[in-house]
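Notes for the structure review
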There are 2 protein chains.
Amino acid sequence: MRLTPLAQGLPASVPFVGPEAQERARGAAFAARLGANESVFGPSPQAVAAMADAARDAWMYGDPEAHDLRAALATHHGIPVANVVPGEGIDGLLGYLVRLLVGPGDAVVTSAGAYPTFNYHVAGYGGTLHTVPFKGDHEDPEALLARAAKVDAKLIYLSNPDNPMGSWHGADVIRDMIARVPEGCVLCLDEAYADLAPPGTVPPLDVSDPRVIRMRTFSKAHGLAGLRVGYALGHADLIQAFDKVRNHFGLGRVAQAGALAALADADWLAEVQARVAQSRDAIAAIAAQHGLTPLPSATNFVTVECGRDGDFARRVLAALIDAGIFVRMPGVAPLDRCIRIGCGTAADMDALREALPRALDRARS
Amino acid sequence: MRLTPLAQGLPASVPFVGPEAQERARGAAFAARLGANESVFGPSPQAVAAMADAARDAWMYGDPEAHDLRAALATHHGIPVANVVPGEGIDGLLGYLVRLLVGPGDAVVTSAGAYPTFNYHVAGYGGTLHTVPFKGDHEDPEALLARAAKVDAKLIYLSNPDNPMGSWHGADVIRDMIARVPEGCVLCLDEAYADLAPPGTVPPLDVSDPRVIRMRTFSKAHGLAGLRVGYALGHADLIQAFDKVRNHFGLGRVAQAGALAALADADWLAEVQARVAQSRDAIAAIAAQHGLTPLPSATNFVTVECGRDGDFARRVLAALIDAGIFVRMPGVAPLDRCIRIGCGTAADMDALREALPRALDRARS
């Protein structure tokens, strides 16, 4: 076999090791699954029912145009259908976006410590990734813009609310950033956690603006990470370009049905929002009780400062994992002084409450 | 926005128009859905139950290693786990394979009229597609090999059994072809219909051979087209290379659960095989009754010669579609003298039996 030069240079490694692999390695299931920013509160019961119904019809390919889902999303956001494209999760859509815009040597700008899967796609298509540091645990729009202008970037990545810190910028900051994206550059605004952010975080949609494409997902507040459905909102020209490269039958019938039902169930979303808020408070209280500093969060996780350096936080993380609590942490200093704890059920919080002091003892010794 | 030069040159068109789009255009649902080589007999009831169960757990990402499914597939085929990789349908896996091997200007060989989605991927990564004609309604291994040697192809595509003609080569022919694949070239052997072929069609697996990668799917005999699960079998080096580019969380929890249950239900597969054989006979009888010539089939469809040229067959197809029978046909002469009719239920066959003579009358007038 003769791999392309580009493929030959890529590592056969993965951005994430799944909790299942960790469970196999430790020979036991986790007591609490709080590491992947999943929604432990589950999907809408209506979405569960819709998926079960669609399972019987799973012999049929999904509509390659995802017409009904696309129309519902357009209505939901008050925009034309031409400005929305659903796909196989934000991960899949990021891959298509990078493929459309980034060729070998093209410059891309992101924050050091931001979403690894975006970086994976940039590397995968031969792009050159430039990073700027977080500033006070926030992604730094000024630095991103300045670097993008300097390196003539084709793409900037920013998540708001942010993963892995849980921080956020107000809509005005983001709106100002969009207005200043350099000519010929596109801002990929990852709004995976938009449904969990306080009012005033998400700027109004303006799909006439070619400088920004916004990513949304059913994986977070809608509790459908295991179904793989996200969507992009943007200028019609860029949205239409996805048809050049997307896997046309990639969004199956079960996935479309589940997402459609989830979108319609506003009550469940409100319920999840309430439970997330409650669990954020619980995590913050548990952390504070043991002398740690919970950072403010606009997401379904709370990033917690462990009070020392990255090595210490890694020891805390390892001890929590050994105790059956699946959590993750930022990969880059100085963010790696923190661990990231996902919102959970009351039972999850009990498990965390019991495990954290012991993990801290072990990490300190 | 600045698309890459490659993306700029790609059409924003799709290889297939889905039946749902046709239904929207005609303002009515099809009475029989026989055009996409789906399995109208549905998935295994055990797979349906497994998907419904997994729907409740859909808040969790699927295991990015698909460990259990991969292990089950390896056991099923009696090969090591390192030689199998599941993915988002054969469509998704073809995309990854092309991306790994084919860069701008690289030569790829297929048959004129073979699978359009493969060609879509080759174009999408800038490859140069070379085609050889079918020979007697069969793909032509000799011509494919000769052209591959001549153009220094990195990849050859062959489906066995074949879509869209339903024909097949015996295992000996394929084994001989594999042995003669030119140095540095890989044969992509699409065996989507392997479960529906007569004994002696599928050569034994030899995953030590780097010259061939074999594609299988849950979309056909297993009746799970709407779930998007396929897998590739091949040399460990090539299989491992998929980790360089694949969407690691692309195979969701529901999809993995459904495929795992389907694989375990050998009784349902046998049942589908029997119903397919029965329906092939029914289609052949209906065609023959009206003076058409059904071609022998090793798939879940029967390709039927309409007895004149492509224009005539296209008129027959249009009339069937107007009558509520969703069918498709080959896109290239001389294969386009035929239409392709999928196996169906007794009700589907009744609908076909009623519609076909009228469609022929209309096409002739």
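These figures come from a predicted structure and were not determined experimentally. (Residues numbered from 1 in each chain as written. Chains lettered and ligands numbered in written order. Predicted model: local features only at pLDDT ≥ 70, side-chain atom pairs only at ≥ 80, totals over all residues. Heavy atoms only, no water.)

This paragraph deals with the overall build of chain A. Helix and strand content of chain A: 13 helices and 12 strands. Along the longest, intermediate and shortest principal axes, the C-alpha atoms of chain A span 55 × 50 × 50 Å. Every one of the 365 residues in chain A was classed for burial, and the buried ones make up 64%. Contacts spanning at least 24 positions in sequence make up 73% of the contacts within chain A whose residues lie at least 6 apart. If you sum the accessible surface of chain A, you get close to 12,700 Å²; carbon and sulfur atoms cover 53% of it. The averaged location of the 40 negative side-chain charges in chain A is 5 Å from the averaged location of its 33 positive side-chain charges. (Helix = DSSP H or I, 4+ residues; strand = E, 2+ residues; numbered from the N terminus. Buried < 20%, exposed > 50% of the residue type's maximum accessible area, 1.4 Å probe, protein only. Contact = heavy atoms within 4.5 Å. Areas by Shrake-Rupley, 256 points an atom, 1.4 Å probe, with all protein chains shown as cover. Lys, Arg positive; Asp, Glu negative; His and termini not counted. Charge placed at Lys NZ, Arg CZ, Asp CG, Glu CD.)

A separate point is the interface of chain A and chain B. Contacts between the two partners involve 77 residues from chain A and, on the opposite side, 77 residues from chain B. Buried area between chain A and chain B, summed over both chains or domains, comes out near 6,500 Å², and the portion from carbon and sulfur atoms is 58%. If you sort the residues of chain A by the area they bury against chain B, Arg2(A), Trp59(A) and Tyr61(A) come out on top, with a joint share of 14%. Summed over the shared surface of chain A and chain B, the result is 8 salt bridges. One salt bridge in this structure joins Arg24(A) and Asp63(B), with 3.0 Å as the shortest N-O distance. Taken together, chain A and chain B are joined by 52 residue pairs in polar contact (both at pLDDT 80 or more). In terms of residue class, the side of chain A that touches chain B is built from 37 nonpolar, 20 polar and 20 charged. (Buried area = accessible area lost by both parts, 1.4 Å probe. Salt bridge = Lys/Arg side-chain N within 4 Å of Asp/Glu carboxyl O. Polar contact = N/O pair within 3.5 Å; in protein donor to acceptor, adjacent residues only side chain to side chain. Nonpolar A, V, L, I, M, F, W, Y, C, P; charged D, E, K, R; others polar.)

Right, let's talk about the relation of the copies chain A and chain B for a bit. Expressed as a screw transformation, the operator carrying chain A onto chain B has a rotation angle of 180° and an axial translation of 0.0 Å, and the superposed copies differ by an RMSD of 0.0 Å. A rotation of that kind, with that shift, is consistent with a two-fold axis. Minimal C-alpha distance to the rotation axis in chain A is attained by Ala52(A), lying at 2.2 Å. A high fraction, 100%, of the interface residues of chain A reappear at the interface in chain B, so the copies pair face to face through one surface. (Least-squares fit on C-alpha atoms with pLDDT ≥ 70 in both.)

Here we take up the domain arrangement of chain A. Residue and element names in this part refer to chain A. By the assigned domains, chain A splits into domain 1 (15–42 + 267–364) and domain 2 (45–264). The centre of domain 1, based on its C-alpha atoms, is set 25 Å off from the matching centre of domain 2. Domain 1 puts 28 residues into the contact, and the matching count from domain 2 is 27 residues. At the boundary of domain 1 with domain 2, total buried surface from both sides reaches about 2,100 Å², with 66% on carbon and sulfur atoms. The shortest N-O distance in the salt bridge between Asp137 and Arg337 comes to 2.6 Å. One can count 11 residue pairs in polar contact (both at pLDDT 80 or more) joining domain 1 with domain 2. Secondary-structure elements contributing two or more residues to the side of domain 1 that touches domain 2 are α11 (266–289), β10 (301–305) and β12 (338–342). Counting residues per element, the side of domain 1 that touches domain 2 draws most heavily on α11, at 6 residues. (Domains from an automatic or database assignment.)

Residues and elements named next belong to chain A. Interaxial distance between α11 and helix α13 (residues 346–364) falls to 10 Å at its minimum, and their mutual angle equals 15°. When the interaxial angle is binned, α11 and α13 end up roughly parallel. Between α11 and α13 lies a crossing whose hand is right-handed. Of α13, the residues touching α11 (which contributes Ser279, Ala282, Ile283, Ile286 and Ala287) are Met349, Leu352, Arg353 and Leu356. Among the residues making up the contact of α11 with α13, the classes are represented as 7 nonpolar, 1 polar and 1 charged. (Axes fitted to C-alpha atoms, helices over the stretch in contact; angles between N-to-C directions. Parallel < 35°, antiparallel > 145°, perpendicular 65-115°, else oblique. Left-handed = near helix turned anticlockwise from the far one by under 90°.)

Residues and elements named next belong to chain A. Overall, antiparallel pairing links the 3 strands, which are arranged β9-β10-β12 in an open sheet. One side of each edge strand has no neighbouring strand; the edge strands of this open sheet are β9 (293–294) and β12. One ladder, built from 2 bridges, connects β9 with β10; its direction is antiparallel. Residue pairing in the sheet places Pro294 in a bridge with Val304 of β10. Where α11 meets the sheet, its contacts fall on β9, β10 and β12, and the angle it forms with β10 comes to roughly 15°. (Pairing = 2+ DSSP bridges.)

Leu155(A), Ile213(A), Ile339(A), Leu155(B), Ile213(B) and Ile339(B) are the most contacted members of the largest nonpolar core, which totals 164 residues. Grouped together as the second largest cluster of nonpolar side chains are 54 residues, Ala261(A), Leu73(B), Val254(B) and Ala255(B) included. (Core = buried A, V, L, I, M, F, W, Y, C linked by side-chain atoms within 4.5 Å.)

This paragraph deals with unusual backbone geometry. Keep in mind that most residues, glycine aside, have a negative phi and that most peptide bonds are trans. The omega angle of the peptide bond from Asn163(A) to Pro164(A) is 20°, so this bond is cis rather than trans. When you line up the elements, Pro164(A) lands in the loop between β5 (155–159) and α8 (171–179). In this structure, the amide linkage connecting Ala333(A) to the following residue, Pro334(A), adopts the cis form with an omega of 0°. Relative to the helices and strands, Pro334(A) is located in the loop between β11 (325–326) and β12. Here Asn37(A), not a glycine, exhibits a phi torsion of approximately 55°, which is positive. Structurally, the position occupied by Asn37(A) is in the loop between β1 (32–33) and α3 (45–56). A residue is classified by how much of its surface remains accessible, and Asn37(A), at 2% relative accessible area, is buried. At Ala66(B), a residue that is not glycine, the phi angle is positive and equals roughly 45°. If you trace the backbone, Ala66(B) turns up in the loop between α3 (45–56) and α4 (67–77). Judged by its relative accessible area of 5%, Ala66(B) falls in the buried class.

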